[in-house]
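Architecture at a glance
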Amino acid sequence: MVRVTLAGPELGGLAVEQPAASVRLLLPVPRGQGLVVPRWNGNEFLLPDGGRPTIRTFTPRRLDPRTLELDVDVVVHGAGPASVWAETAGPGDEAAVSGPGRGYVVDQRAPAFLLAGDETAIPAISQLLEVLPHDAHVDVHIEAAQPEAALPLPHHPAAAVHWWNLPPGAPAGETLRVAVRAADVEPGTRVWVAGEAAAVQRIRRHLFDERGLARSDATVRGYWKSGRTGDDEDDSQ
Ligand SMILES: Cc1cc2nc3c(=O)[nH]c(=O)nc-3n(C[C@H](O)[C@H](O)[C@H](O)COP(=O)(O)OP(=O)(O)OC[C@H]3O[C@@H](n4cnc5c(N)ncnc54)[C@H](O)[C@@H]3O)c2cc1C
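So, here's what we can say about the structure. (Residues numbered from 1 in each chain as written. Predicted model: local features only at pLDDT ≥ 70, side-chain atom pairs only at ≥ 80, totals over all residues.)

Below, the discussion takes up helix α4 (residues 197-210). In an α-helix there are 3.6 residues to a turn, and that puts residues three or four apart on one side. Helix length check: α4, at 14 residues, gives a terminal C-alpha distance of 19 Å against a target of 20 Å (1.5 Å per residue), a fit within 8%. For α4, the set of buried residues is Ala-199, Val-200, Ile-203, Arg-204 and Leu-207. For α4, the angular spread of buried residues about the axis comes to 140°, placing them on one side. Exposed positions of α4 whose direction lies more than 90 degrees from the buried face are Arg-205, Asp-209 and Glu-210. Downstream of α4 by one or two residues, Gly-212 has phi in the positive range, about 70°. (Helix = DSSP H or I, 4+ residues; strand = E, 2+ residues; numbered from the N terminus. Expected span 1.5 Å × (residues − 1). Buried ≥ 20, exposed ≤ 12 C-beta atoms within 10 Å, placed from the backbone. Arc of directions from axis to C-beta.)

What follows is the structure in structure tokens.
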């Protein structure tokens with residue numbers, strides 16, 4: 001995972017008020033050709049040559065309105081343009097930011113929280129750990145394909161953090177699925193899950209269909225799709 005800091009007066013006015021929100025980044029692809037801002041054709045954003053812009057979604061991990069800096073923590077997974085951009089971007093390189101997209105509304109009265117996600121969810125889970133009530137028990141499950149590259153989590157006094165290493169070749173989300181199935185979910189617990197879309201869909205079915213959790217008690221978000229580029233969001237509350 002690589003932390004990229006974006007900075008500039010253009011960030012003035014950007015306000016992120018909820019944890020686990022999102023921003024969309026327009027990336028210069030191919031790199032070195034400068035940033036071309038797409039136009040809305042009434043249906044979609046397109047570049048002047050008719051091509052589709054490279055836009056990816058990230059968690060605004062830290063926004064400092066004083067210095068006008070925005071940190072995003074990007075999983076370096078190989079081939080994707082955002083992954084390559086995060087590894088190679090340097091001072092002066094441009095990207096455009098839009099947002100924020102909606103985040104998570106914390107129920108301050110909930111007695112317990114279950115947070116589960118893969119590495120792409122670490123920035124959002126970190127923000128949740130920073131704001132969840134200190135007297136609420138927080139059970140955290142994180143699946144890491146590259147445990148050595150994960151950034152440390154903030155401290156929460158009543159959190160139990162479990163790291164699960166995804167074995168090479170195993171489908172994304174496999175250890176999370178097992179961990180969530182085995183977790184104690186006491187009545188009143190609020191659940192937040194994010195990761196690979198098909199994996200979180202299985203977790204969603206388990207929570208709602210097998211455990212009978214109320215839909216209002218759980219937020220399950222697909223953050224990326226195995227085998228698919230782009231950032232199709234797959235949301236359900
Ligand atoms: C609300 C929201 C918040 C998000 N926050 C973050 C964040 O803070 N940090 C972060 O890193 N990601 C985050 N993501 C996920 C990120 O948008 C996707 O992983 C995105 O696809 C990465 O773009 P890319 O250009 O690197 O890869 P793409 O071009 O989109 O995909 C190329 C190939 O890589 C695969 N792929 C994509 N992402 C991963 C991955 N993480 N691991 C393994 N294979 C992958 C795809 O399936 C595809 O086969 C978030 C997504 C959402 C919807």
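Attention now moves to the sheet that holds strand β1 (residues 2-7). By definition, the strands of a sheet pair up through backbone hydrogen bonds, in either a parallel or an antiparallel sense. Strand order in the open sheet formed by 3 strands is β1-β7-β6, with antiparallel pairing between adjacent strands. Both outer strands of the open sheet, β1 and β6 (62-64), are each paired with one neighbouring strand and no more. This sheet shows a mean twist of 15° between the axes of neighbouring strands, independent of strand direction. Looking at chain direction, β1 and strand β7 (residues 69-74) are connected through 6 bridges and run antiparallel. Along β7, the bridge assignment pairs Ala-7 with Glu-69. (Pairing = 2+ DSSP bridges. Axes fitted to C-alpha atoms, helices over the stretch in contact; angles between N-to-C directions.)

Taken together, 27 residues form the shell around the ligand, and within it Thr-59, His-77, Gly-80, Ala-82 and Trp-224 come nearest. Partitioning the shell around the ligand into residue classes produces 10 nonpolar, 11 polar and 6 charged. Residue-level mapping places the shell around the ligand at the junction of two domains, with at least three residues from each of domain 1 (2-101) and domain 2 (112-236). (Near = placed C-beta within 6 Å. Nonpolar A, V, L, I, M, F, W, Y, C, P; charged D, E, K, R; others polar. Domains from an automatic or database assignment.)

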